[in-house]
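Notes for the structure review
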Amino acid sequence: MHELPITEQIIKIAEKHGRKFRASRIESIRLIVGENSGFIGESIRMYFDIVAAGSMCEGARLEIEYVKPKLKCPSCGEFFYRKPLSFACPACGACGEPTEIGREFYIDSVTVSTDSADAARRNKDRRDI
Ligand SMILES: [Zn+2]
């Protein structure tokens, strides 16, 4: 359940980015999630709309790219995807070792919208309140 605080963190970072570029709103956030990162992308997606409500990120598209873990062969240096029930290097048969590939967890990019139509609508909303 540590995806909730991390989702809040992602939204904070995106908003900081948005303010820096004087954006009217955040269009999309692209997240890189290694399958061995310990984070479940779909849980982040589940929390995202709830946490983003009322923020600059409301309605933003959350794009998640998953990274499959790769092993490295200590004998020949080959990087490879593990086969089910096997750690064997496809090139030489030695036993592969874990690498950092598949442990990634970071925001790759944030796309902001600065279009004036959006800004105008936001101002109007503000007056209505
Ligand atoms: Zn090998």
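Fair warning: this is a prediction, and the values are worked out from it, not measured in the lab.

The next point concerns helix 1 (residues 3-20). Between its terminal C-alpha atoms helix 1 stretches 26 Å, which fits the 26 Å expected from 18 residues at 1.5 Å a residue. The complete set of buried residues in helix 1 reads Thr7, Ile10, Ile11, Ala14 and Gly18. Here the buried residues of helix 1 occupy an arc of 95° about the axis, which is enough to place them on one side. For helix 1, the exposed residues set more than 90 degrees away from the buried face come down to Pro5, Gln9, Lys16, Arg19 and Lys20. Positive backbone phi, approximately 50°, marks Arg22, located one or two places after helix 1.

A few words on the nonpolar core. Within the largest apolar cluster, 18 residues are counted, with the highest numbers of intra-cluster contacts made by Ile11, Ala14, Ile26, Ile29, Ala52, Cys57 and Ala60. Excluding residues within four positions of it along the chain, Ala52 makes contact with Ile11, Cys57, Glu58 and Ala60.

Our next topic: the sheet that holds strand 5 (residues 97-98). With antiparallel pairing, the three strands of this open sheet are ordered in space as 4-3-5. Every interior strand has two partners, whereas the edge strands, strand 4 (79-80) and strand 5, have only one. Here strand 3 (residues 71-72) runs beside strand 4; their pairing, made up of two bridges, is antiparallel. Each residue of the ladder has a partner; that of Leu71, found in strand 4, is Phe80.

Turning to the packing of helix 1 against helix 2 (residues 41-52), a few remarks are in order. When two helices pack together, you describe them by how their axes are tilted relative to each other and by the distance separating the axes. Direction vectors running N to C along helix 1 and helix 2 enclose 55°, while the axes themselves pass 9 Å from each other. As the angle between them shows, helix 1 and helix 2 are arranged oblique. Crossing hand, helix 1 versus helix 2: right-handed. Residues Glu3, Leu4, Ile6, Thr7, Glu8 and Ile11 of helix 1 touch helix 2, and the partners they reach there are Ser43, Ile44, Tyr47, Phe48, Val51 and Ala52. Tallied by class, the residues present in the contact of helix 1 with helix 2 amount to eight nonpolar, two polar and two charged.

The rules behind the values
Residues numbered from 1 in each chain as written. Predicted model: local features only at pLDDT ≥ 70, side-chain atom pairs only at ≥ 80, totals over all residues. Helix = DSSP H or I, 4+ residues; strand = E, 2+ residues; numbered from the N terminus. Expected span 1.5 Å × (residues − 1). Buried ≥ 20, exposed ≤ 12 C-beta atoms within 10 Å, placed from the backbone. Arc of directions from axis to C-beta. Core = buried A, V, L, I, M, F, W, Y, C linked by C-beta atoms within 7 Å. Contact = placed C-beta atoms within 7 Å. Pairing = 2+ DSSP bridges. Axes fitted to C-alpha atoms, helices over the stretch in contact; angles between N-to-C directions. Parallel < 35°, antiparallel > 145°, perpendicular 65-115°, else oblique. Left-handed = near helix turned anticlockwise from the far one by under 90°. Nonpolar A, V, L, I, M, F, W, Y, C, P; charged D, E, K, R; others polar.

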